[in-house]
Structure formats: C-alpha cells, structure tokens
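# Observations on chain architecture
Single-letter residue listing:
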Amino acid sequence: MYAQKTITISGRVTDFGGNPIDSCEVMVLYTDFSKAYSAYSDKDGYYTISNVLQGKYMAIYAIRPGEYPRQQKVAEKDMRLEYWAWNVIADKDLTINPRYHRLELYGTTVFKENGGYPAIMLYTRPMSLGRMLSYGEKLYKDKNKAEKEQVDISAEPDEIEFKVYADDVPVAVRSVQPVEEYVGGRRQIAYLLYVDLPKKKPERYCIFRIEAFNRAYGGEKGENIYFYEIPEYKEKQ
C-alpha cells in the first residue's frame with residue numbers, strides 16, 4: 001500500500017523537567033516485540049531513526065538500558081521504567097519526544113464509544129517502580145520469581161492522577177475506573193479513562209497522550225502516546 005516508501009522518526013528524549021537524556025535507546029517494534037529499527041539519543045537528547053518503511057508498527061519504547069531495574073547497573077534512586085508509544089502510524093515523518101520516569105504506562109489502547117455520549121475510552125496499565133523496589137532485590141531482579149510470588153506493582157486508585165491530551169490539546173477526563181486484572185497470575189490494576197472527543201476533528205488519526213502522576217513512593221511520573229485511527233464507515237448515499 002505504501003509502495004516501500006520510507007519516513008524518518010526523530011525527536012528529543014528528556015526528563016519531566018525538560019533536561020536532556022543522552023544514551024537512551026529508542027526502538028521501533030514489530031508485533032512480536034522484535035526490533036524493527038532503533039537509535040540512541042545524543043548528549044543533547046536528540047535521536048533520529050532514518051529509512052523506516054511506511055506502515056503501522058506495534059510500538060516504540062525508550063529507556064537508557066542500564067537504568068532498567070533488572071539490569072542492576074545503577075543505584076535504586078537512578079532506576080527508571082520505560083516510555084511507550086503504541087499503534088504507531090508511520091505514514092509520514094514523525095516527531096516523538098519521549099519522557100520517562102518511575103511510572104510506566106503499559107498496553108495503552110484507545111477506542112470510541114458508539115451510540116452513547118460522544119466520548120473516547122482509554123485503557124492503560126500503570127506500573128510503579130517504587131512499589132517494585134519495595135519487594136526487595138531478590139524479587140525485583142528475577143522476573144520468574146516475581147511472577148511466582150505474585151508481586152503486584154500497580155499504582156493504587158487513591159494515589160494516581162491522570163491528564164489526557166489529543167494532538168497536544170487537553171481533553172476533559174470525565175471518569176477514571178480501576179479494572180482489576182491478572183497478569184501471569186498476579187493481581188494488577190489497570191484503568192479505563194472516559195474522556196471528551198477532541199475539539200478539532202482529526203482527518204485520519206489523532207495522537208492521544210496520557211500523563212500520570214503517582215503520589216506514592218515519593219512521587220512517580222509517566223506518560224505515553226497512542227495513535228488512534230479514525231474508523232471509516234460507509235455513509236448513506
């Protein structure tokens with residue numbers, strides 16, 4: 001469909017204070033989580049991924065590899081979790097500016113409610129690094145053991161806050177509902193956010209961005225984006 005044309009994905013990796021993050025790996029992923037393309041940010045936080053074949057990719061993730069807890073390469077105070085962009089539509093050159101901290105928003109999905117209040121539903125599952133570290137090194141560095149012990153790294157409903165943007169324009173969050181899930185036998189809490197439609201109707205897709213703040217564990221921040229493709233239905237002639 002795209003006649004093998006290519007695009008460029010670029011941007012700047014920063015923390016939530018706007019400070020650049022160097023040596024961050026930014027990776028485009030196929031649906032099996034294998035690497036399609038990748039690049040590292042420079043000393044000023046900038047990265048460029050060139051010659052990306054046009055199409056749709058499952059996700060983009062970003063992190064300094066050594067900062068991930070199971071790598072055991074930095075002190076606990078310097079550990080971080082990942083940034084994600086989901087359902088990436090690579091139809092033209094893209095600018096994606098990852099920001100990540102100690103709260104990871106995973107598995108984000110966006111869909112429209114039909115037949116009711118004109119709204120959008122956003123699903124996301126926050127994971128707290130502070131809560132992960134609270135279980136101790138023997139558990140957090142061993143994924144299999146953590147799953148066997150049913151380690152819960154959820155952000156709790158009375159501690160978390162969300163903001164949502166559609167193409168960088170704020171949209172009202174009408175309700176936030178926790179959803180209890182079981183991941184590998186472990187209890188986890190995901191959230192379903194009920195938000196207003198974008199004020200300006202997108203032509204093909206809209207990029208939703210979720211910001212989250214977890215008051216627990218000294219305060220944790222996280223964000224991610226989702227490329228929401230506008231459904232096309234046959235209109236009455």
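The structure under discussion appears in the preceding block.
Residues numbered from 1 in each chain as written. Predicted model: local features only at pLDDT ≥ 70, side-chain atom pairs only at ≥ 80, totals over all residues. Heavy atoms only, no water.

## Some points on unusual backbone geometry
- Of note, the phi angle at N51 is positive, near 60°, even though the residue is not glycine.
- Along the chain, the position of N51 falls in strand 4 (residues 46–53).
- Taking the relative accessible area as the measure of exposure, N51 reaches 56% and is therefore exposed.
- Even without being glycine, D167 reaches a positive phi, approximately 50°.
- Considering the arrangement of structural elements, one finds D167 in the loop between strand 10 (160–166) and strand 11 (169–171).
- Assessed through its relative accessible area of 40%, D167 is described here as partly exposed. (Helix = DSSP H or I, 4+ residues; strand = E, 2+ residues; numbered from the N terminus. Buried < 20%, exposed > 50% of the residue type's maximum accessible area, 1.4 Å probe, protein only.)

## Quick word on the pairing of strand 10
- Counting buried positions along strand 10 yields 5 of 7 residues, so the element is predominantly enclosed.
- The hairpin turn running from strand 10 into strand 11, its antiparallel successor, is 2 residues long, and D167 in that turn takes a positive phi close to 50°. (Pairing = 2+ DSSP bridges.)

## Observations regarding the nonpolar core
- Counting residues in each nonpolar core, the largest one holds 56 residues, and the members touching the most others are I9, I49, L122 and F208.
- The contacts of I49, once residues within four sequence positions are left out, are I7, T8, I9, V26, V28, Y37, S38 and A39.
- Formed by 9 residues, the second largest nonpolar core is a distinct cluster that contains M127, L129, M132 and I153. (Core = buried A, V, L, I, M, F, W, Y, C linked by side-chain atoms within 4.5 Å. Contact = heavy atoms within 4.5 Å.)

## Quick word on the pattern of salt bridges
- Tallying each qualifying case throughout the model produces 17 salt bridges.
- The salt bridge partner of E229 is R204, with a shortest N-O separation of 3.2 Å. Taken as a pair, E229 in strand 15 (residues 220–229) and R204 in the loop between strand 13 (186–196) and strand 14 (205–214) lie far apart in primary sequence, 25 residues in all.
- Note on E229: relative accessible area 27%, which makes it partly exposed.
- The partner of E211 in a salt bridge is R209, with the nearest N and O atoms 2.5 Å apart.
- Overall, E211 belongs to the buried group, its relative accessible area being 18%.
- Each of the salt bridges in this network shares a partner with another, and the network as a whole consists of R99, D168, R209, E211 and E223. (Salt bridge = Lys/Arg side-chain N within 4 Å of Asp/Glu carboxyl O.)

## Some words on the environment of M132
- With respect to the element layout, M132 can be found in helix 1 (residues 129–134).
- Judged by its relative accessible area of 7%, M132 is buried.
- M132 sits 120 residues away from R12 along the chain, and the two C-alpha atoms are 28 Å apart.

## Brief notes about the sheet that holds strand 6 (residues 83–90)
- Taken in spatial order, the 8 strands line up as 3-2-5-6-15-14-10-11 in an open sheet, and their pairing is mixed. At either margin of the open sheet sits one strand with a lone partner, and together these are strand 3 (35–40) and strand 11. Each strand of the sheet is rotated relative to its neighbour by a mean of 25°, with strand direction disregarded.
- In terms of strand pairing, strand 2 (residues 25–29) meets strand 5 (residues 55–63) through 5 bridges, oriented antiparallel. Within the sheet, the bridge partner assigned to M27 lies in strand 5 and is Y61. (Axes fitted to C-alpha atoms, helices over the stretch in contact; angles between N-to-C directions.)

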